[in-house]
Amino acid sequence: KELSHLKYPVQVEQAMVRAIGNRVEIESSRFLWAEEKRGSLTGNIEFSEEAFQVDMDVATEGFDWKDLQELRPIRANGEETSFDFPITGVIRINPDYFRYGRYIWKPVQAQILFLEDQKREIRLTNTSLCGIETPGSIHLNSQGVHLDFNVVAGKQPLSDTLECLWERGDLMIGNFYLVGNINSTGNGKDLIESLRGKVEFASENGRIFRFGLLARIFAVVNITEILRGRTPDLIQEGLAFDNLIAEVSIEGGTLVIEELILVGPSMNLFSIGN
């Protein structure tokens, strides 16, 4: 039966359900949502005067952020509403992937926790974006949204991650390591403006090919190398480095470089700024 009060109706194609007292057990099911996404649901619901207690597992195809935004209750007159019955418990979700814009998280394992006072928490326990692990949580309440994520990468190819994130895999090569935390509180655009965090980055045995102002520095270094009897073309071959270490902070819309150290055979570089 269609749940027609949702902007994207959910169609249950098949379900095997067992009812025992105040408990409903969903042994198997197939459903269609967001017009073309398929999924399955198993678990149980216990009914009481206080709340519906849920404990369920959902498997579904990959989905976009817009699918979640569209999957919301709508009144007959087109206005948004909300489910008015209290729910507690947990729903575990394992989609094939999650897409936000052109960014794709894969794999994805999440838990939606229904807490007291209509609070919701989404815990992401096994997620990866462009080779960077991003476990964390999203807290939802009447005041807004709070995000808290860790970022971790261990010996990943830098060019692959840059290509995935910014379609610029030709900027740098080498393996890299990353660890940090990013959090934010607010609604809509406030989430971007209130971003806070700190990230530590390290790379080894790599090369930098294009980096704006550094290209001019490369030209100067190239002259000094020629005077030393060497003739490398740093513009074409890039600047080789043995180690690159950076500590950066995120303060709203500003990325603050607290310390950047590059050690290489041609030059050493030190930088701070934003």
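Just so it is clear, the model here is predicted, and its values are computed rather than measured.

S.K.: Describe the state of the cysteines, listing the residues and the values that go with them.
M.R.: Scanning the entire structure with this criterion turns up 1 disulfide. Two residues, C130 and C164, share a disulfide whose sulfurs are 1.9 Å apart. Since a negative S-S torsion denotes a left-handed disulfide, the C130-C164 link at about -65 degrees is left-handed. Highlighted residues: C130 in the loop between β11 (128–129) and β12 (132–133) and C164 in helix α2 (residues 158–166), separated in sequence by 34 residues. Its relative accessible area of 34% is what places C164 among the partly exposed residues.

S.K.: So what's going on with the environment of L171? Which residues, and what values?
M.R.: Among the structural elements, L171 can be located in the loop between α2 and β15 (172–186). Assessed through its relative accessible area of 17%, L171 is described here as buried. Residues L171 and G238, spaced 67 residues apart in sequence, show a C-alpha to C-alpha distance of 9.2 Å.

S.K.: Could you give me a rundown of the nonpolar core, with the residues and numbers involved?
M.R.: Formed by 41 residues in total, the largest nonpolar core has its most connected members in I91, I132, M172, F176, L178, F201 and L262. In terms of residue count, strand β17 (residues 239–251) provides more of this core than any other element does, 5 residues in total. Here L178 is in contact with I132, V151, V152, A153, V199, E200 and F201, once residues within four sequence places are set aside. Core analysis: the next-biggest nonpolar cluster, separate from the first, contains 6 residues, A110, I138, V145 and F149 among them.

S.K.: Hey, could you go over the environment of K155 for me, with residue numbers and the actual values?
M.R.: Within the secondary structure, K155 is located in strand β14 (residues 144–157). When the C-alpha positions of K155 and F176 are compared, they lie 5.1 Å apart, and in sequence the two are 21 residues distant. Setting aside chain neighbours within four positions, we find K155 in contact with N175, F176 and Y177.

S.K.: Account for the packing of aromatic side chains, naming residues and giving values.
M.R.: Remark: the centre distance and the inter-plane angle together describe each pair of aromatic rings, the angle taken between the planes. According to the stated counting rule, one finds 3 aromatic pairs in the structure shown. Centroid distance F98 to W105: 5.9 Å. Interplanar angle 45 degrees. Geometry classified as tilted. With a centroid separation of 5.8 Å and 20 degrees between ring planes, the pair formed by F176 and F201 is classed as stacked. A residue pair is termed long-range when its members are at least 10 positions apart, and F176 in strand β15 and F201 in strand β16 (residues 196–208) qualify at 25 residues. Given a relative accessible area of 2%, F176 falls into the buried group.

S.K.: Requested: an account of α2, with residues and values cited.
M.R.: Of all the positions in α2, only L158, T161, L162 and L165 are classed as buried. End-on, the buried residues of α2 take up no more than an arc of 100 degrees, which puts them together on one face.

What counts, and where the lines are drawn
- Residues numbered from 1 in each chain as written.
- Predicted model: local features only at pLDDT ≥ 70, side-chain atom pairs only at ≥ 80, totals over all residues.
- Heavy atoms only, no water.
- Disulfide = S-S within 2.5 Å.
- Helix = DSSP H or I, 4+ residues; strand = E, 2+ residues; numbered from the N terminus.
- Buried < 20%, exposed > 50% of the residue type's maximum accessible area, 1.4 Å probe, protein only.
- Core = buried A, V, L, I, M, F, W, Y, C linked by side-chain atoms within 4.5 Å.
- Contact = heavy atoms within 4.5 Å.
- Phe/Tyr/Trp six-rings, centres within 6.5 Å; stacked < 30°, edge-to-face > 60°.
- Arc of directions from axis to C-beta.

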